[in-house]
Every structure is written in C-alpha cells, then in structure tokens.
There are 2 protein chains.
Amino acid sequence: MNLPPLIQSFVLHFGEMGSHWGINRTVGQIYALLYVSDKPLNADDIVEAIGCSRSNTSMALKELQAWRLVKLQHLPGDRREYFSTPDDVWAIFKTLAEERQKREVEPTLTMLRGAMLETPSGEAERHAQARMNEMYQLIELVTKWFADIRDMDVETLQKLMKLGSQVQKVLQFTQSLSRLTGRDSGKEE
Amino acid sequence: MNLPPLIQSFVLHFGEMGSHWGINRTVGQIYALLYVSDKPLNADDIVEAIGCSRSNTSMALKELQAWRLVKLQHLPGDRREYFSTPDDVWAIFKTLAEERQKREVEPTLTMLRGAMLETPSGEAERHAQARMNEMYQLIELVTKWFADIRDMDVETLQKLMKLGSQVQKVLQFTQSLSRLTGRDSGKEE
DNA sequence: TCCAATTTTCAGTAATTTCTGAAAGTTTGA
DNA sequence: TCAAACTTTCAGAAATTACTGAAAATTGGA
C-alpha cells in the first residue's frame, strides 16, 4: 500500500472496522479509498493503492455494488470501468440503512411472523411465543419509523436531529393544543 | 439440540444471523435461548439445549455479559450461575444501541478527529480531509441525536415513533407559531 | 469476425475464527 | 483446610472465510 499518510490511516481503519460490520477487510478498504478519492478509480488503480490481488478487487467491487455503495462509470476513450462513491453523505447513510434493513431485519421479521402463526404446545412454547411477539412489535415499530425518517428530505431530517430530545416539548405542546381544539396531529394506535 | 420446534427455529435463526452481526453462532443461539426462556438457565442447561461444549458456553456467556445483554443471578440453595435476558425489550434495544455505538462508531469518530488535525500535503489529501470532515459531521449529528432519543422515556419514544414522518407537520406548525410569537422551541445551530 | 484489453470465475491455499477437551483455577461449605 | 462443585483458560483441531493466480469469459473496436 502506497498512499499519503492521511488517506492510508483512513483506509486501514475501514479495513479493520469491516469485521465489526459484516464486510471483509478488502471491501472496507476499497470503500474508504473510493470515498476519499477526488476522482473515479479503475480496478488497477485500486490494486496499486491497496496492494491486493486483481481478482480480490473484482469480488470486492461486486459486493460494494450489491450494497449500492459504489457507482460504476465509464470515462470517454477508456474501456476500463471506473468506480466512485456517491458524493452526498446523507444519501450514503440512507442507502446503508436500507441495505442493512433488508439483509438483517427483514429475514428476522419474516421468521417471527411465521412463529406467530404456530400453535404453541406447552407452557414453554407459549411463553416463547409471547416473547417473540414482543420482539416483533418492537422491531416493526422501529422499522416503520426508520422508513419514515429515511424518506424525509435532508433539510427536515437535519432540523429534527438538531432539535434532538427537545422534540418532546414540541410533542407535549402539540398535544395540549389538540386537547384544546379536539384535533389530533398524530396517527392513532 | 433438543428443543420445541418453535424455540428451535428461533434459536437457529439467531445463530445464522449472528454472522451478519459481529457475533458468532453460539453467542447468537445462546442469546436467543435465554431470551425466550421462561426461567433463568445455568451453563449446563444451555449445553443441553444448544448442544455445544461447556467451554464454548462459558466463552459465549462472557461475551454476552460484555455486551450487557444477559444478567447473571444466583438461585437460593444452588451454587451454579443462572443467566437470563432483561424482560423489557426497549431496555434491550437501548443497550444494543449503546454498545454498538461504543464499539463501532466511537473508534471511527476518534480516527476522524485525528485526521482533522493533520495538515494535508497536496490536493489529494486536501480533498480527502474535506470528505472525512463531511463524514465526521454526519456521524456526530446522528450520534448525538441517537443519544437524545435513547434517553427519552419509552412512552415518549413510542409516541414519537408512531407519529412517524408526520412529525414534519408538527415541526412546520411549531415553526410558524414561533415565527408569529417570536419564540423558538428548537436549539440554535 | 477476430484480436487485444479487460473483467470474472474458480480451484486451491492461506489466514482467521470458532470450537473442543483437558487441565487449571475458583468458590463454598463442612 | 480440604474436597466437591462449578467455571475459566488455553493449546490444538475443525470449520469457515478470505485471498491468489491462472484460466475462462466478455467486451469493444478494427
């Protein structure tokens, strides 16, 4: 690996972190490299920069594309494929949230839904099913909320986040208002 | 493994999912087993139910304790250690969020903070540093917001989540109000 | 169509992670 | 203090995952 020190430490960090996430070192490193690069890179650029094999690079890029974290593009007069990450960090964040949702949460929800349909035989199973239901309700609520949040425009989202826990006050205020006027701003349960 | 079918499929699912998260199969399975169990279990109960070795169980329980996802307790007149998960699914969710924050996000923030202090030499490093700063700002904002959210009481949190994206309307409404009255409910940037 | 440039696949190897059994360590109460 | 009950550690085995180089496949232009 032959990179300026600032970039190198960023790339190495993402490589290490990869294992905490579900991705391998090379995938993490390549993503980091593309993220900070000021121009799209082709596979050989990446091999050169990271110091991994050409085939490994190919695999890693395929995985990053499956995650929708890199864009493929062609440069005029060059047959090679060039890769880059989206510029907008919020868009990246949303993509990541969507993909993790799809890969990690959906399958669990499906399994739990199936479990809800079973008829428990015996006390142990009855209790287990009740617990699974608690988990199901929680995950579903959080999931829907995340989807709502993801679909907000960045402006609103930033406003909301900066408001932070003070949103409580706004809610309380709105609820007193609605009690006075008889209108309700929130969804019913 | 010798468990009622409903419980078995739950336990196996968490085992598989473990690898998508940063935990191994046994850890996932044991957590799932404890989560649905109607009483605390000791290490031998777990070995019996899951079918792994005693030492593996010991390691896995240690990891689950490090994640603060299981409670250790003693039963009167029994020297063995019994394990269970917290009852409250919201508490579990919060613990999980805190631990992931600590393990996955903090180290990255630290690295980025360090990178911000470097003086870039050359255009590539200058651009890279700007990108890292964008990432830093985003992660910090989301992190603070998460912390705010975590510290809300469950009631408010559920209310907020059920409101979903309609919170936008509440925000807009409150802002028109504050424009009228000259008061501001939100933090300043 | 053919050739050269480029990308992908794949089988074998290397590295890492997980798991086990045996041994060592710890704790409790007699 | 000792012994029994129980837990942890750890070195090596097993399983899994990551990586490589060679070969096959694909692509675009002549």
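Numbering of residues starts from 1 in each chain and follows the order in which that chain's sequence is written. Here chains are named by letter from A upward and ligands by number from 1 upward, in the order in which they appear as written. Restriction of local features to residues with pLDDT of at least 70 applies here, the model being predicted, together with a cutoff of 80 or more for giving and counting side-chain atom pairs; totals for whole chains, interfaces and linings are based on all residues. Each side-chain value is derived from all of the structure's non-hydrogen atoms; neither hydrogens nor water enter the calculation.

A. Representation of the domain arrangement of chain A. All names here are of chain A. Here chain A is described as being made up of domain 1 (5-84), domain 2 (88-151) and domain 3 (154-189). Computed from C-alpha coordinates alone, the two centres of domain 1 and domain 2 are separated by 31 Å. Any two residues whose heavy atoms approach within 4.5 Å at even a single point are treated as in contact. Counting residues at the interface gives seven residues for domain 1 and eight residues for domain 2. Take the accessible area each of two parts loses on contact, using a 1.4 Å probe, and add the two losses: that sum is the buried area. Summed over both sides, the interface between domain 1 and domain 2 buries roughly 840 Å², with carbon and sulfur atoms accounting for 60% of that surface. Together, Trp21, Trp67 and Arg68 form the three largest contributors to the area buried by domain 1 at its contact with domain 2, with a combined 65%. Here a salt bridge means any side-chain nitrogen of Lys or Arg lying within 4 Å of a carboxyl oxygen belonging to Asp or Glu. Of the charged contacts, one joins arginine 68 and glutamate 98 as a salt bridge, the two residues approaching to 2.9 Å between their closest N and O atoms. Polar contacts here mean pairs of N or O atoms no more than 3.5 Å apart (in protein, one a potential hydrogen donor and the other a potential acceptor; neighbouring residues in sequence count only if both atoms are side-chain atoms). Connecting domain 1 to domain 2 are three residue pairs in polar contact (both at pLDDT 80 or more). Residues are sorted three ways: Asp, Glu, Lys and Arg are charged, Ala, Val, Leu, Ile, Met, Phe, Trp, Tyr, Cys and Pro are nonpolar, and all the rest, Gly among them, are polar. Here the side of domain 1 that touches domain 2 is composed, by residue class, of six nonpolar, no polar and one charged. Throughout, the edges of the domains are those of an automatic or database domain assignment.

B. Region of the structure containing the interface of chain B and chain A. Taken together, the contacts link 72 residues of chain B with 72 residues of chain A. Taking both sides of the interface into account, the surface hidden between chain B and chain A amounts to around 6800 Å²; carbon and sulfur atoms contribute 72%. The largest contributions to the chain B side of the interface with chain A come from B:Leu6, B:Arg131 and B:Trp145, which together make up 11% of the buried area. If you look at where chain B meets chain A, you find zero salt bridges. There are 14 residue pairs in polar contact (both at pLDDT 80 or more) connecting chain B and chain A.

C. Layout of the pattern of salt bridges. For the structure shown, the criterion picks out 20 salt bridges over all chains. Among the ionic pairs, B:Asp78 bridges to B:Arg80, the shortest N-O distance being 3.2 Å. Look at B:Arg80 and you get partly exposed, because its relative accessible area is 42%. Here the salt bridges share partners, and the residues they tie into one network are A:Arg68, A:Glu98, A:Glu99, A:Lys102, A:Arg103 and A:Arg150. Accessible area is worked out with a 1.4 Å probe on protein chains only. A residue is then buried under 20% of its type maximum, exposed over 50%, and partly exposed in between.

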